[in-house]
Amino acid sequence: MAPPLHNWLHLPINRVQLRRFIELDHRARFDVIEANLLPLLRGGKPHSRKHMIEGLTPSPAALRKLVDGTDAGKLLVRVGPREPRPPHRHTQPENTNTSTRSTTMSSVLITGASKGIGRAIAIELSGRGHRVIATARRPETLADLPVDQRLRLDVTVQESVDQAIQDAGDIDVLINNAGETVRAPLESVPLSEVERLFQLNTLGALRVAQGLLPAMRQKGAGHLVFVSSIQGRLVLPLIGPYGASKWALEALAETLAIETGHFGIKVSIVQPGVVSSGGAERAKVFLEENDPYAPLYKALDVLRGESVTPQEVAATVADTIEQTDPPLRVPVGAPAEQVLRARKEAPENETFLTAEINW
């Protein structure tokens, strides 16, 4: 039953403001009930087009898709608090064709779940009723997560991987999320840092997959999810080592899709763009005093583009593992889709950047 009318908020807001409003609550505790879309025509006269989505409880990603799919200049949105739901009830997906989605709860192991995207994925999947095994190098950082198991796992150490897999028990889905980035010109980046990134972002993901694949192959089912980036398909200056690790990760993941698909194992590569997780802010920066690449570093913001939240990435991951026939590559949000489309359409005989850099 809908709350009384006086409890609704009437919000005359633009598209960007609506996105920010949606992002305020990562569990989408508000339902958009009615949106009057008022595109401004060239003649200056607005006309209205009403989208009634009453009864739906879409995720932030779904709401963003609704907004991005319009040419709205302004929106009048009526929202209200979500009615309490029984435990383990799924949010109704955008695609209500249940023949393409699985309602079976899965056992999901997540690497790098202590913060950012990994933590958001753990919360999202637990909220949807899945059995979640959250892992991190320091398991005490997982203490407040509402998950079934919290395990120590360093993806760069084989013994740690073996022990975590043994402790986790049967696993249906692996979400390879652990990763870091750096900022440095290739001329001077310490090769030890490049090696460290590959060990963590690329070989670490393969190491965990190798540990789980024999059991998945034996039972004829499983799903490997690799959290990549749009930088797995393009490059950005001063972030080359990270991009290289993601290009390599996507090569491994697509190869695994070909090799293991015969045994009933699915592979998905999730590709967010800029994520407001704090990862970029935590990145090590290797620039010397009076470094000739310092002006380039200061100009990098022009390439950042619009960010998505860790919760949006988590919702995309959750929607992906709940599909019976998930796609190989899954861009997260309209900004990532647009950049990847532009990269695909750009000529291959010259470099590609999302914006011009003046430095």
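Here is what the cut-offs are and how they apply
- Residues numbered from 1 in each chain as written.
- Predicted model: local features only at pLDDT ≥ 70, side-chain atom pairs only at ≥ 80, totals over all residues.
- Heavy atoms only, no water.
- Core = buried A, V, L, I, M, F, W, Y, C linked by side-chain atoms within 4.5 Å.
- Buried < 20%, exposed > 50% of the residue type's maximum accessible area, 1.4 Å probe, protein only.
- Helix = DSSP H or I, 4+ residues; strand = E, 2+ residues; numbered from the N terminus.
- Contact = heavy atoms within 4.5 Å.
- Axes fitted to C-alpha atoms, helices over the stretch in contact; angles between N-to-C directions.
- Parallel < 35°, antiparallel > 145°, perpendicular 65-115°, else oblique.
- Left-handed = near helix turned anticlockwise from the far one by under 90°.
- Nonpolar A, V, L, I, M, F, W, Y, C, P; charged D, E, K, R; others polar.
- Pairing = 2+ DSSP bridges.
- Right-handed = clockwise from strand over helix to strand, strands pointing away.

Attention now goes to the nonpolar core. Counting residues in each nonpolar core, the largest one holds 28 residues, and the members touching the most others are I110, I121, L125, I175 and V313. Elements with a contribution of two residues or more to this core: β5 (107-110), α3 (116-127), β6 (131-136), β8 (173-176), β10 (222-227) and α9 (310-321). Broken down by element, this core gets its largest block of residues, six residues, from α3. Those residues in contact with I110 that lie beyond four places of it in its chain are G118, I121, A122, L125, V132, I133, A134, T135 and I175. The next biggest cluster of nonpolar side chains, apart from the first, holds 27 residues, and it includes I171, A205, A209 and A253.

Moving on, we get to the packing of helix α4 (residues 158-168) against helix α5 (residues 191-219). Running from N to C, α4 and α5 cross one another at 40 degrees; their axes reach a closest spacing of 10 Å. As summarised for this structure, α4 and α5 are arranged oblique, according to the angle between their axes. Considering the relative orientation of α4 and α5, their crossing is right-handed. Between α4, through Q158, V161 and I165, and α5, the contact on the second element is made entirely by R207, V208, G211 and L212. Grouping the amino acids of the contact of α4 with α5 by side-chain chemistry returns four nonpolar, two polar and one charged.

Looking now at the pairing of β6. Extensive coverage of β6 is indicated by the burial of five of its six residues. As paired elements, β5 and β6 share four bridges and run parallel to each other. Pairing of L109 across the sheet is with I133, part of β6. Taken together, β5, α3 and β6 form a β-α-β motif whose crossover is right-handed. One ladder, built from four bridges, connects β6 with strand β7 (residues 149-152); its direction is parallel. Bridge pairing in β7 places T135 opposite L151.

As far as function goes, none of this settles anything; it's purely spatial.
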